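So you can see what is in the structure, the chains are spelled out below.
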Amino acid sequence: MHKRSVMPASEISYTTPAFSPATQNEECAELWDQIKAEARHDAESEPALASYLYSTILSHASLERSLSFHLGNKLCSSTLLSTLLYDLFLHSFALDPSLCSAAVADLRAARLRDPACVSFAHCLLNYKGFLACQAHRIAHNLWLHNRRPLALALHSRIADVFAVDIHPAARIGKGILFDHATGVVVGETAVIGNNVSILHHVTLGGTGKVGGDRHPKIGDGVLIGAGATILGSVKIGEGAKIGAGSVVLIDVPPRTTAVGNPARLVGGKEKPSRHEDVPGESMDHTSFISEWSDYII
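Residues numbered from 1 in each chain as written. Predicted model: local features only at pLDDT ≥ 70, side-chain atom pairs only at ≥ 80, totals over all residues. Heavy atoms only, no water.

Colleague: Outline the state of the cysteines, supporting the account with residue identities and numerical values.
Modeller: Summed over the entire model, instances satisfying the criterion amount to one disulfide. Cys28 shares a disulfide with Cys100; S-S distance 2.2 Å. Of this pair, Cys28 sits in helix H1 (residues 21-45) while Cys100 sits in helix H5 (residues 98-113), and the two are 72 residues apart along the sequence. Residue classification places Cys28 among the buried positions, given a relative accessible area of 5%. Of all cysteine sulfurs, the one in Cys123 lies closest to Cys117, which takes part in no disulfide; the gap is 4.8 Å. (Disulfide = S-S within 2.5 Å. Helix = DSSP H or I, 4+ residues; strand = E, 2+ residues; numbered from the N terminus. Buried < 20%, exposed > 50% of the residue type's maximum accessible area, 1.4 Å probe, protein only.)

Colleague: Provide a residue-level description of the sheet that holds strand E13 (residues 247-248), including the pertinent values.
Modeller: If you trace the five strands from one edge of the open sheet to the other, you get E1-E4-E7-E10-E13, paired in parallel fashion. For this open sheet the edge positions go to strand E1 (165-166) and E13, each flanked by a neighbour on one side alone. The sheet contact formed by strand E10 (residues 229-231) and E13 spans two bridges and is parallel. Bridging across to E13, Ile230 finds its partner in Val248. (Pairing = 2+ DSSP bridges.)

Colleague: Quick rundown of the pattern of salt bridges? Include the residues and the values.
Modeller: Using the criterion set out here, one finds six salt bridges in the structure. The partner of Arg214 in a salt bridge is Glu188, with the nearest N and O atoms 2.8 Å apart. Highlighted residues: Arg214 in the loop between strand E7 (203-205) and strand E8 (217-218) and Glu188 in the loop between strand E4 (185-186) and strand E5 (191-192), separated in sequence by 26 residues. According to the relative accessible area criterion, Arg214 is partly exposed, its value standing at 23%. Given the relative accessible area of 27%, Glu188 is considered partly exposed. (Salt bridge = Lys/Arg side-chain N within 4 Å of Asp/Glu carboxyl O.)

Colleague: Residues and numbers for the environment of Gly206, please.
Modeller: Tracing the backbone shows Gly206 in the loop between E7 and E8. We classify Gly206 as partly exposed; its relative accessible area is 26%. For the pair Gly206 and Ser233, spaced 27 residues apart in the sequence, the C-alpha separation amounts to 7.4 Å. Filtering out sequence-adjacent residues up to four positions away, Gly206 remains in contact with Arg214, His215, Leu231 and Gly232. (Contact = heavy atoms within 4.5 Å.)

Colleague: Explain the packing of helix H3 (residues 63-75) against helix H7 (residues 128-144) residue by residue, including any values.
Modeller: Remark: H3 packs on H7, axes separated minimally by 11 Å, with the N-to-C direction vectors making an angle of 100 degrees. Overall, the two elements H3 and H7 adopt an arrangement that is roughly perpendicular. Between H3, through Leu67, His70, Leu71, Lys74 and Leu75, and H7, the contact on the second element is made entirely by Phe130, Leu131, Gln134 and Ala135. Class assignment for the residues of the contact of H3 with H7 results in six nonpolar, two polar and one charged. (Axes fitted to C-alpha atoms, helices over the stretch in contact; angles between N-to-C directions. Parallel < 35°, antiparallel > 145°, perpendicular 65-115°, else oblique. Nonpolar A, V, L, I, M, F, W, Y, C, P; charged D, E, K, R; others polar.)

Colleague: Before we move on, can you summarise helix H2 (residues 50-58) with the specific residues and values?
Modeller: Among the residues of H2, Leu53, Thr56 and Ile57 are the ones counted as buried. Viewed along the axis of H2, the buried residues span an arc of 85 degrees, placing them on a single side of the element. Facing away from the buried side of H2 by more than 90 degrees, the exposed set consists of Ser51 and Tyr54. (Arc of directions from axis to C-beta.)

Colleague: Give me the lowdown on unusual backbone geometry, citing residues and values where you can.
Modeller: Following Asn261, the chain continues into Pro262 via a peptide bond in cis, with omega recorded as -5 degrees. The residue Pro262 is located in the loop between strand E14 (257-259) and strand E15 (264-265) in this model. In this model, Ala163 sits at a positive phi of 60 degrees, which is unusual for a non-glycine residue. Positionally, Ala163 belongs in the loop between helix H8 (148-162) and E1. For Ala163, a relative accessible area of 33% gives the class partly exposed. If you check the backbone angles, Met283 has positive phi at about 60 degrees while not being a glycine. Among the structural elements, Met283 can be located in the segment after helix H9 (279-282). Of the residues examined, Met283 reaches a relative accessible area of 13% and is grouped as buried.

Colleague: Hey, could you go over the packing of H2 against H3 for me, with residue numbers and the actual values?
Modeller: Where H2 meets H3, the closest approach of the two axes is 8 Å, and the angle between their N-to-C directions is 120 degrees. As far as their axial angle goes, H3 and H2 are oblique. On H3, the residues that touch Tyr52, Ser55, Thr56 and Ile57 of H2 are Ser66, Phe69 and His70. Of the residues in the contact of H2 with H3, the class split is three nonpolar, four polar and no charged.

Colleague: Give me the nonpolar core: which residues, what numbers.
Modeller: Grouped together as the largest cluster of nonpolar side chains are 75 residues, with contacts concentrated most on Ile35, Phe178, Ile192, Ile224 and Ile236. Among the elements that line this core, the one with the most residues is H7, at nine residues. Setting aside its immediate chain neighbours within four residues, Ile236 contacts Lys217, Ile218, Gly219, Val222, Ile230, Ile242, Val248 and Val252. (Core = buried A, V, L, I, M, F, W, Y, C linked by side-chain atoms within 4.5 Å.)

Shown next, in the form of C-alpha coordinates:
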(Lines give C-alpha, C1' and ligand atoms only; values in the text may rest on other atoms or scores of the structure.)
Protein backbone atom coordinates (compact mmCIF):
# COMPACT_ATOMS: atom_id res chain seq x y z
CA MET A 1 0.00 0.00 0.00
CA HIS A 2 1.24 3.47 -0.82
CA LYS A 3 2.47 5.43 2.20
CA ARG A 4 1.17 8.95 2.61
CA SER A 5 3.40 11.62 4.08
CA VAL A 6 2.26 13.72 7.02
CA MET A 7 1.25 17.29 6.36
CA PRO A 8 2.51 20.24 8.40
CA ALA A 9 0.20 21.21 11.25
CA SER A 10 -0.78 24.38 9.45
CA GLU A 11 -1.92 22.31 6.48
CA ILE A 12 -3.68 19.43 8.24
CA SER A 13 -6.98 18.88 6.48
CA TYR A 14 -10.00 19.57 8.63
CA THR A 15 -12.43 21.12 6.18
CA THR A 16 -14.93 19.29 4.03
CA PRO A 17 -13.55 18.64 0.54
CA ALA A 18 -15.15 20.73 -2.18
CA PHE A 19 -18.33 19.13 -3.47
CA SER A 20 -20.98 20.82 -5.53
CA PRO A 21 -24.23 21.66 -3.68
CA ALA A 22 -26.00 19.17 -5.94
CA THR A 23 -23.62 16.38 -4.91
CA GLN A 24 -24.00 17.24 -1.23
CA ASN A 25 -27.80 17.32 -1.49
CA GLU A 26 -27.86 13.97 -3.28
CA GLU A 27 -25.53 12.47 -0.67
CA CYS A 28 -27.73 13.65 2.21
CA ALA A 29 -30.98 12.63 0.50
CA GLU A 30 -29.74 9.12 -0.25
CA LEU A 31 -28.79 8.42 3.35
CA TRP A 32 -31.94 10.10 4.63
CA ASP A 33 -34.07 7.64 2.65
CA GLN A 34 -32.24 4.76 4.33
CA ILE A 35 -32.64 6.30 7.80
CA LYS A 36 -36.39 6.66 7.27
CA ALA A 37 -36.64 3.05 6.13
CA GLU A 38 -34.80 1.94 9.27
CA ALA A 39 -37.08 4.08 11.45
CA ARG A 40 -40.21 2.59 9.86
CA HIS A 41 -38.89 -0.92 10.48
CA ASP A 42 -38.12 -0.08 14.12
CA ALA A 43 -41.55 1.48 14.62
CA GLU A 44 -43.23 -1.63 13.28
CA SER A 45 -41.14 -4.01 15.37
CA GLU A 46 -41.37 -1.92 18.56
CA PRO A 47 -44.71 -0.02 18.75
CA ALA A 48 -43.65 1.65 22.02
CA LEU A 49 -41.16 3.70 20.00
CA ALA A 50 -43.53 4.56 17.13
CA SER A 51 -44.45 8.03 18.39
CA TYR A 52 -40.85 8.87 19.23
CA LEU A 53 -39.59 7.72 15.84
CA TYR A 54 -42.33 9.66 14.07
CA SER A 55 -41.55 12.92 15.88
CA THR A 56 -37.76 12.65 15.52
CA ILE A 57 -37.39 11.12 12.06
CA LEU A 58 -40.48 10.16 10.08
CA SER A 59 -42.27 13.51 10.31
CA HIS A 60 -39.31 15.39 8.83
CA ALA A 61 -38.53 16.02 5.19
CA SER A 62 -34.73 15.94 5.46
CA LEU A 63 -31.78 14.90 7.59
CA GLU A 64 -31.10 18.54 8.40
CA ARG A 65 -34.61 19.06 9.79
CA SER A 66 -34.55 15.84 11.79
CA LEU A 67 -31.13 16.58 13.26
CA SER A 68 -32.08 20.18 14.06
CA PHE A 69 -35.23 19.01 15.84
CA HIS A 70 -33.46 16.26 17.76
CA LEU A 71 -30.53 18.44 18.83
CA GLY A 72 -32.89 21.23 19.81
CA ASN A 73 -34.77 18.92 22.15
CA LYS A 74 -31.57 17.41 23.55
CA LEU A 75 -29.84 20.72 24.27
CA CYS A 76 -32.72 22.94 25.32
CA SER A 77 -33.19 24.25 28.84
CA SER A 78 -35.79 26.32 30.67
CA THR A 79 -34.18 29.48 29.29
CA LEU A 80 -32.70 28.17 26.01
CA LEU A 81 -35.83 27.04 24.23
CA SER A 82 -35.96 24.10 21.83
CA THR A 83 -37.75 26.22 19.22
CA LEU A 84 -34.93 28.78 19.29
CA LEU A 85 -32.31 26.05 18.91
CA TYR A 86 -34.26 24.35 16.12
CA ASP A 87 -34.35 27.59 14.13
CA LEU A 88 -30.67 28.22 14.84
CA PHE A 89 -29.58 24.74 13.74
CA LEU A 90 -31.77 24.69 10.64
CA HIS A 91 -30.54 28.14 9.61
CA SER A 92 -26.93 26.95 10.00
CA PHE A 93 -27.57 23.91 7.80
CA ALA A 94 -29.17 26.14 5.17
CA LEU A 95 -26.24 28.55 5.12
CA ASP A 96 -23.55 25.85 5.03
CA PRO A 97 -24.43 22.65 3.11
CA SER A 98 -21.09 21.12 4.14
CA LEU A 99 -22.56 20.62 7.64
CA CYS A 100 -24.94 17.99 6.28
CA SER A 101 -22.17 16.38 4.23
CA ALA A 102 -20.04 16.14 7.37
CA ALA A 103 -22.95 14.63 9.31
CA VAL A 104 -23.37 11.99 6.60
CA ALA A 105 -19.65 11.14 6.76
CA ASP A 106 -19.84 10.88 10.56
CA LEU A 107 -22.89 8.61 10.38
CA ARG A 108 -21.11 6.33 7.94
CA ALA A 109 -18.01 6.32 10.13
CA ALA A 110 -19.99 5.09 13.12
CA ARG A 111 -21.84 2.47 11.11
CA LEU A 112 -18.67 1.07 9.54
CA ARG A 113 -16.28 1.25 12.50
CA ASP A 114 -18.44 0.45 15.51
CA PRO A 115 -19.80 -3.12 15.63
CA ALA A 116 -22.36 -1.97 18.22
CA CYS A 117 -23.93 0.47 15.75
CA VAL A 118 -26.88 -1.48 14.38
CA SER A 119 -28.24 1.21 12.04
CA PHE A 120 -27.85 4.80 10.86
CA ALA A 121 -31.08 5.70 12.66
CA HIS A 122 -29.68 4.29 15.91
CA CYS A 123 -26.59 6.49 15.55
CA LEU A 124 -28.63 9.58 14.67
CA LEU A 125 -30.87 9.22 17.70
CA ASN A 126 -28.67 7.64 20.35
CA TYR A 127 -24.95 8.22 19.78
CA LYS A 128 -24.02 11.18 21.96
CA GLY A 129 -20.58 11.37 20.36
CA PHE A 130 -22.20 11.88 16.97
CA LEU A 131 -24.71 14.39 18.34
CA ALA A 132 -22.05 16.33 20.25
CA CYS A 133 -19.91 16.53 17.12
CA GLN A 134 -22.78 17.89 14.99
CA ALA A 135 -23.69 20.46 17.64
CA HIS A 136 -20.02 21.46 17.86
CA ARG A 137 -19.89 22.04 14.10
CA ILE A 138 -22.70 24.56 14.46
CA ALA A 139 -21.04 26.20 17.48
CA HIS A 140 -17.83 26.43 15.45
CA ASN A 141 -19.74 28.06 12.61
CA LEU A 142 -21.14 30.62 15.05
CA TRP A 143 -17.64 31.23 16.43
CA LEU A 144 -16.28 31.94 12.96
CA HIS A 145 -19.08 34.42 12.34
CA ASN A 146 -18.30 36.33 15.56
CA ARG A 147 -21.39 35.11 17.39
CA ARG A 148 -19.15 34.00 20.21
CA PRO A 149 -21.45 34.42 23.25
CA LEU A 150 -23.99 32.13 21.55
CA ALA A 151 -21.25 29.69 20.51
CA LEU A 152 -20.00 29.51 24.10
CA ALA A 153 -23.52 29.06 25.48
CA LEU A 154 -24.06 26.17 23.06
CA HIS A 155 -20.67 24.74 24.01
CA SER A 156 -21.71 24.77 27.67
CA ARG A 157 -24.96 22.95 26.93
CA ILE A 158 -23.14 20.32 24.84
CA ALA A 159 -20.77 19.66 27.73
CA ASP A 160 -23.64 19.47 30.24
CA VAL A 161 -25.82 17.15 28.18
CA PHE A 162 -23.32 14.90 26.39
CA ALA A 163 -20.27 15.05 28.74
CA VAL A 164 -18.20 16.05 25.70
CA ASP A 165 -16.25 19.31 26.03
CA ILE A 166 -15.10 20.70 22.66
CA HIS A 167 -14.20 24.38 22.53
CA PRO A 168 -16.14 26.07 19.70
CA ALA A 169 -12.91 27.35 18.14
CA ALA A 170 -11.51 23.82 17.73
CA ARG A 171 -11.43 22.65 14.11
CA ILE A 172 -12.72 19.19 13.26
CA GLY A 173 -12.76 17.36 9.94
CA LYS A 174 -15.33 14.85 8.76
CA GLY A 175 -15.71 11.10 9.03
CA ILE A 176 -15.19 11.49 12.79
CA LEU A 177 -16.05 8.81 15.35
CA PHE A 178 -16.23 9.77 19.01
CA ASP A 179 -16.75 6.23 20.28
CA HIS A 180 -18.67 6.25 23.60
CA ALA A 181 -17.47 9.88 23.86
CA THR A 182 -17.88 10.38 27.63
CA GLY A 183 -15.15 12.61 29.01
CA VAL A 184 -13.68 13.75 25.68
CA VAL A 185 -12.02 17.18 26.00
CA VAL A 186 -10.76 19.15 22.99
CA GLY A 187 -9.04 22.49 23.53
CA GLU A 188 -9.47 25.80 21.75
CA THR A 189 -6.60 25.58 19.23
CA ALA A 190 -6.84 21.85 18.56
CA VAL A 191 -7.18 20.58 15.00
CA ILE A 192 -8.59 17.14 14.17
CA GLY A 193 -8.25 15.86 10.61
CA ASN A 194 -10.54 13.63 8.58
CA ASN A 195 -11.41 9.97 9.33
CA VAL A 196 -10.18 10.15 12.92
CA SER A 197 -11.50 7.86 15.66
CA ILE A 198 -11.31 8.94 19.30
CA LEU A 199 -12.37 6.83 22.26
CA HIS A 200 -13.80 7.99 25.59
CA HIS A 201 -11.90 10.04 28.18
CA VAL A 202 -9.42 11.38 25.65
CA THR A 203 -7.93 14.82 26.32
CA LEU A 204 -6.44 17.08 23.64
CA GLY A 205 -5.25 19.75 26.03
CA GLY A 206 -2.72 22.45 26.78
CA THR A 207 0.18 22.39 29.21
CA GLY A 208 -0.56 25.43 31.36
CA LYS A 209 -2.11 28.87 31.31
CA VAL A 210 -0.09 30.32 28.43
CA GLY A 211 -2.31 31.43 25.52
CA GLY A 212 -1.79 31.11 21.80
CA ASP A 213 -1.50 27.92 19.75
CA ARG A 214 -1.28 25.39 22.57
CA HIS A 215 -3.29 22.30 21.64
CA PRO A 216 -2.60 19.14 19.58
CA LYS A 217 -2.87 18.82 15.81
CA ILE A 218 -4.26 15.41 14.85
CA GLY A 219 -3.60 14.22 11.29
CA ASP A 220 -5.98 12.29 9.05
CA GLY A 221 -6.73 8.66 9.87
CA VAL A 222 -5.45 8.73 13.46
CA LEU A 223 -6.79 6.39 16.17
CA ILE A 224 -6.64 7.61 19.79
CA GLY A 225 -7.37 4.96 22.41
CA ALA A 226 -9.46 5.32 25.55
CA GLY A 227 -8.05 7.51 28.29
CA ALA A 228 -5.17 8.87 26.21
CA THR A 229 -3.90 12.37 26.98
CA ILE A 230 -2.14 14.52 24.39
CA LEU A 231 -0.87 17.87 25.66
CA GLY A 232 0.57 20.90 23.94
CA SER A 233 0.86 22.00 20.32
CA VAL A 234 2.22 18.63 19.22
CA LYS A 235 1.66 16.93 15.87
CA ILE A 236 0.19 13.44 15.67
CA GLY A 237 1.14 12.30 12.20
CA GLU A 238 -1.25 10.99 9.59
CA GLY A 239 -2.33 7.40 10.26
CA ALA A 240 -0.69 7.23 13.70
CA LYS A 241 -2.05 5.24 16.61
CA ILE A 242 -2.09 6.36 20.25
CA GLY A 243 -2.56 3.48 22.69
CA ALA A 244 -5.13 3.55 25.48
CA GLY A 245 -3.98 5.40 28.58
CA SER A 246 -0.95 6.93 26.90
CA VAL A 247 0.41 10.38 27.75
CA VAL A 248 1.88 12.13 24.70
CA LEU A 249 3.91 15.34 25.05
CA ILE A 250 5.96 15.33 21.82
CA ASP A 251 5.30 14.77 18.12
CA VAL A 252 4.37 11.30 16.87
CA PRO A 253 5.54 10.39 13.33
CA PRO A 254 3.05 9.25 10.67
CA ARG A 255 2.03 5.57 10.59
CA THR A 256 3.61 4.77 13.96
CA THR A 257 2.22 3.66 17.31
CA ALA A 258 2.85 5.50 20.59
CA VAL A 259 2.07 3.75 23.88
CA GLY A 260 2.70 4.21 27.58
CA ASN A 261 3.18 6.97 30.15
CA PRO A 262 5.21 8.78 29.04
CA ALA A 263 4.51 7.49 25.55
CA ARG A 264 7.23 5.82 23.51
CA LEU A 265 7.21 4.53 19.97
CA VAL A 266 6.73 0.83 19.32
CA GLY A 267 9.95 -0.37 17.70
CA GLY A 268 12.03 2.39 19.25
CA LYS A 269 12.70 6.05 18.56
CA GLU A 270 15.39 5.48 15.93
CA LYS A 271 13.50 2.94 13.83
CA PRO A 272 9.84 2.81 14.91
CA SER A 273 7.55 0.12 13.56
CA ARG A 274 5.27 1.41 10.82
CA HIS A 275 1.88 0.10 9.76
CA GLU A 276 0.17 0.19 6.40
CA ASP A 277 -3.46 0.38 7.51
CA VAL A 278 -5.39 3.49 8.52
CA PRO A 279 -6.01 3.00 12.26
CA GLY A 280 -8.78 5.61 12.40
CA GLU A 281 -10.74 3.38 10.02
CA SER A 282 -9.54 -0.12 10.95
CA MET A 283 -9.98 0.50 14.72
CA ASP A 284 -7.07 -1.86 15.40
CA HIS A 285 -6.12 -1.13 19.01
CA THR A 286 -3.90 -4.07 19.94
CA SER A 287 -1.89 -5.54 17.04
CA PHE A 288 1.21 -3.64 18.19
CA ILE A 289 1.40 -5.69 21.40
CA SER A 290 3.12 -8.61 19.65
CA GLU A 291 5.93 -6.22 18.71
CA TRP A 292 6.23 -4.64 22.14
CA SER A 293 8.92 -6.67 23.90
CA ASP A 294 8.23 -5.14 27.31
CA TYR A 295 4.69 -6.56 27.38
CA ILE A 296 5.04 -9.65 29.55
CA ILE A 297 2.47 -11.47 31.68
